[in-house]
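# An overview of the molecular structure
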Amino acid sequence: EALKFVAKKYNIEIEEEEMTSEQLERANEKDSLFIVSNFANDYFQDMLWDTEEGKAIGLSYFKERGFNEQTLKTFELGYSLDVWDGLLKEAKKKGHSEELLEKAGLILKQESKIYDRFRGRVMFPIQNVAGKVIAFGARTLRSDKKQPKYINSPETEVYHKSKILYGIHQSRQAIRNEDLCYLVEGYTDVISMHQAGVQNVVASSGTSLTREQVQLISRYTKNITVLY
């Protein structure tokens, strides 16, 4: 991935081994999932900044949490409208298929109904090390006890929660510079610490710490301070 990134930047062609049809299909699906997740991320940000509902509910919540505009943009936070198919309609308009939206965990199908997974929630995009959006965490702002406070994207071809840490893209350089990683529990812990100037911080997002997550941190430092 790093080689491809640098090669693309300097217009260098990389010769690769020919893939089998199965490998090609998987690679194409991964690329498609990145594209549709990126579309959804832009959509949720537009809903936060450019709609009355987003500003009144989503932006108000983030401001109450003390997050400034720069922080919201750094972490690309967004809002999902409280409607059944806002994302679905916009995605189809832009040519994204229902099948791909379902594979990315953005829509749900039940019998004859098709609807958005995330509705009326503030959105936290989850990025891989390279900064590609691979999944979302979404927090409800209602006091309805029947609704889970947070819902997350399901696991997909590009998102395995045991292998990713929230904030790793924004924090990896600071972790390397400080030779220390603070490990916290949730999205807002990472964002609050970043805004306060402590940028060498990531979250395991409510999952128990895994071998793969520790290996990911070990690319940048061997020192971890756990703040659960």
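Going by the structure above, here's the rest.
Residues numbered from 1 in each chain as written. Predicted model: local features only at pLDDT ≥ 70, side-chain atom pairs only at ≥ 80, totals over all residues. Heavy atoms only, no water.

## Notes on the side chain of His 96
Put simply, the rule is: Put simply, DSSP H or I for four residues or longer makes a helix, DSSP E for two residues or longer makes a strand, and each gets a number counted from the N terminus. Throughout, exposure labels follow a simple rule: accessible area from a 1.4 Å probe, protein chains only, divided by the maximum for the residue type, with under 20% read as buried, over 50% as exposed, and the rest as partly exposed.
Summarising the element assignment, His 96 is placed in the loop between helix 5 (86–93) and helix 6 (98–103). On the basis of relative accessible area, His 96 is assigned to the buried category, the value being 17%.

## Here's the deal with the pairing of strand 3 (residues 113–116)
As a reminder of what qualifies: Pairing between strands is defined by DSSP: at least two bridges between them are needed.
Where strand 2 (residues 107–110) lies against strand 3, four bridges are found, and the strand directions are antiparallel. Looking across to strand 3, one finds that Lys 109 is bridged to Ile 114. In sequence, strand 2 turns back onto strand 3 through a hairpin of two residues, with Glu 111 there showing a positive phi of about 50°.

## Focus on the packing of helix 2 (residues 21–50) against helix 5
Geometry of a packed helix pair, given as the angle between the helix axes and the separation of the axes. How we decide: Note on geometry: axes are lines fitted to C-alpha atoms, helical ones only across the stretch in contact, with angles between N-to-C directions running from 0 to 180 degrees. For this classification, under 35 degrees means roughly parallel, over 145 means roughly antiparallel, 65 to 115 means roughly perpendicular, and everything else is oblique. For a crossing to be left-handed, the near helix must be turned anticlockwise from the far one by less than a right angle; the clockwise case is right-handed. The criterion used for residue contact is that any of the two residues' heavy atoms lie within 4.5 Å. Residues are grouped as follows: nonpolar covers Ala, Val, Leu, Ile, Met, Phe, Trp, Tyr, Cys and Pro; charged covers Asp, Glu, Lys and Arg; every other residue, Gly included, is treated as polar.
At their nearest, the axes of helix 2 and helix 5 sit 11 Å apart, and the two run at 125° to each other. With respect to helix 5, the element helix 2 is oriented oblique. For the pair helix 2 and helix 5, the crossing hand works out as right-handed. From helix 2, Phe 39, Ala 40, Tyr 43 and Phe 44 reach across to helix 5, where they touch Gly 86, Leu 87, Glu 90 and Ala 91. In the contact of helix 2 with helix 5, the residues fall into six nonpolar, one polar and one charged.

## Examining the nonpolar core
We count it as follows: Each nonpolar core is a collection of buried residues, namely Ala, Val, Leu, Ile, Met, Phe, Trp, Tyr and Cys, held together in the definition by side-chain atoms within 4.5 Å.
Formed by 57 residues in total, the largest nonpolar core has its most connected members in Phe 62, Leu 77, Leu 106, Tyr 166 and Ile 168. Here this core takes nine residues from helix 2, the largest share from any one element. Once residues within four sequence positions are removed from consideration, Leu 77 is found in contact with Gln 45, Leu 48, Phe 62, Phe 67, Leu 72, Met 123, Phe 124, Pro 125, Tyr 166 and Ile 191.

## Considerations on the packing of aromatic side chains
Our working rule: Each Phe, Tyr or Trp ring, with Trp reduced to its six-membered ring, pairs with another whose centre is within 6.5 Å; inter-plane angles below 30 degrees give stacked pairs, above 60 give edge-to-face pairs, and intermediate values give tilted ones. Only when the NZ of Lys or the CZ of Arg is both within 6 Å of the ring centre and within 35 degrees of the ring normal is a charge said to sit over the ring.
Under the defined criterion, the tally for this structure stands at 14 aromatic pairs. Taken together, the ring pairs connect Tyr 61, Phe 62, Phe 67, Phe 75, Phe 124, Tyr 150, Tyr 166 and Tyr 187 into an aromatic cluster. Here the basic side chain of Lys 132 rests over the ring of Phe 34, its NZ or CZ set 4.6 Å away from the ring centre.

## Section: the sheet that holds strand 9 (residues 224–226)
Read from one edge to the other, the open sheet built from three strands follows the order 8-7-9, with strand pairing classed as parallel. A strand with exactly one partner marks an edge of an open sheet, and here the two such strands are strand 8 (201–203) and strand 9. Here the strands of the sheet are splayed against their neighbours by 30° on average, with no regard to which way each runs. Those strands touched by helix 7 (residues 168–178) are strand 7 (181–184) and strand 8, and its axis lies near 145° from that of strand 8.

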